[in-house]
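# Chains, contacts and geometry: an overview
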Amino acid sequence: MSNVTYCDFGDFGKQYRDYVHGYLSISVCLFGSLANIFNICVLRTKNMRSPTNCILTGLALADLLVMLQYVPFTIHRNMAPHPLHYTHFNYSWAVFYKFHSLFTLVLHFIACSLTIILAVWRYVFVTQVISNRICSNHRRTVLVIVMTYVMCPLMCFPILSTLEITPYQQTCTSEGMIVDRDQRHKYNFSDLRNQTVYVLYLNDPYNLSIWIYTVLLKFVPCLLLTLLSNKINCALMEAKRRRMKLLSGNKKLAEDDVTKKASAVQVYRENQADRTTHMLLAVLILFLVTEFPQAILGLISAVLGKIFLKECYAPLGDVMDIMALINSSINFILYCTMSRQFRTTFQDMFHLKEIFGWIRKPSSRSCLAEETRAETKMSLV
């Protein structure tokens, strides 16, 4: 099996890592950090407060922390000067890399768990198959979110023992610049020195971390989200059929204005709830699109072993990172696109109408039309 070649993504992974990933990830992180700050600010306002929005706030906080921590990592790793000095790989940076690996893993697992909780909460709301005293209670929802932030690091703790900081003797010039192995013949032997650098080494002979990461933290959440998304979609279709049947019956029974107005209010509320559910479904589906490929590749790596991990999974690691970062930053766009209440609250909070009002000044004709409409409304009242 040592001669088996599964794929050859090494050149692609190196080209993407050296020329694209650093600048792209910095751009996504800056935009995503600002977007998640907006999400937290808007979702915590009084008129937006609800159990569902509380979960979305916890999700935005996890995404924000991931992006803020990813910025120094990608600057040091992908935007380093060339040639590298051996102090670039000192012990302090090795500790930071270990912290980065565990921190991002824990927060990503928290985001996965909160997304599952969001799907469960919405499924209970849509179907009403069980009592939703927990799902409709703000304080209990906050308690569930806090428990998620506490339990997820404990579940990821076994991976900590598989990451070791290992000293390594690196060939350098007399000035301390690192010399690659294939470039040593260009230097005189007397001009070369051995310096100690520190690298992060995965000491996992039983592939424990791979199985925990791919199965528990990736594949199982994606599978649960797929099932819950399908359940929510089926419940929406069933609710729509019941509503159409009810409306057709109400048309025959509703003769007075009071009954018609009550029926219209009920339909409006149900349509509002459906729009919210569709927005949350978009969040779930986007999460699945970005996470399922990584879960499947990780599961194959756990089954086939280190050869597939080295040839296929590792070269695509940066691509999967940028997909996860995009997923963490795009929720703000979904909220603004699909939620009128979020857009209105965002505009009012940051006074966007006043700031950008000078761009489109009303003409005299439009002012006259507005005054005419106002007079018409006054006369009708």
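Summary of the structure given here. For clarity, every value in this text was computed on a predicted model and none was experimentally measured.

### A look at the nonpolar core
One finds Ile55, Ile110, Leu114, Leu325, Phe332, Tyr335 and Phe342 to be the most contacted residues of the largest nonpolar core, which totals 51 residues. Top contributing element to this core by residue count: helix H3 (residues 91-127), with 13 residues. Those residues in contact with Tyr335 that sit more than four places away from it in its chain are Asn39, Leu43, Leu56, Met279, Val283 and Phe342. The next biggest cluster of nonpolar side chains, apart from the first, holds 15 residues, and it includes Cys112, Val126, Cys222 and Phe287.

### Quick word on helix H2 (residues 51-78)
Owing to its 3.6 residues per turn, the α-helix aligns residues three or four sequence positions apart on the same side. Along its 28 residues, H2 runs 40 Å from first to last C-alpha, staying within 8% of the 40 Å computed at 1.5 Å per residue. The largest bend along H2 reaches roughly 30° and is located at Tyr70, with the proline Pro72 sitting one to four residues downstream. By the criterion of burial, H2 is predominantly enclosed, with 22 of the 28 residues buried.

### Things to note about the state of the cysteines
Within this structure, the stated rule accounts for 1 disulfide. The disulfide bridge from Cys7 ends at Cys312, spanning 1.6 Å between sulfur atoms. You can see Cys7 sitting in the segment before helix H1 (10-43) and its partner Cys312 sitting in helix H7 (residues 306-313), a full 305 residues away along the chain. Of all cysteine sulfurs, the one in Cys152 lies closest to Cys156, which takes part in no disulfide; the gap is 6.5 Å. Its relative accessible area of 3% is what places Cys156 among the buried residues.

Rules used throughout
- Residues numbered from 1 in each chain as written.
- Predicted model: local features only at pLDDT ≥ 70, side-chain atom pairs only at ≥ 80, totals over all residues.
- Heavy atoms only, no water.
- Core = buried A, V, L, I, M, F, W, Y, C linked by side-chain atoms within 4.5 Å.
- Buried < 20%, exposed > 50% of the residue type's maximum accessible area, 1.4 Å probe, protein only.
- Helix = DSSP H or I, 4+ residues; strand = E, 2+ residues; numbered from the N terminus.
- Contact = heavy atoms within 4.5 Å.
- Expected span 1.5 Å × (residues − 1).
- Bend = angle between axes of the 7 residues up to and from the residue.
- Disulfide = S-S within 2.5 Å.

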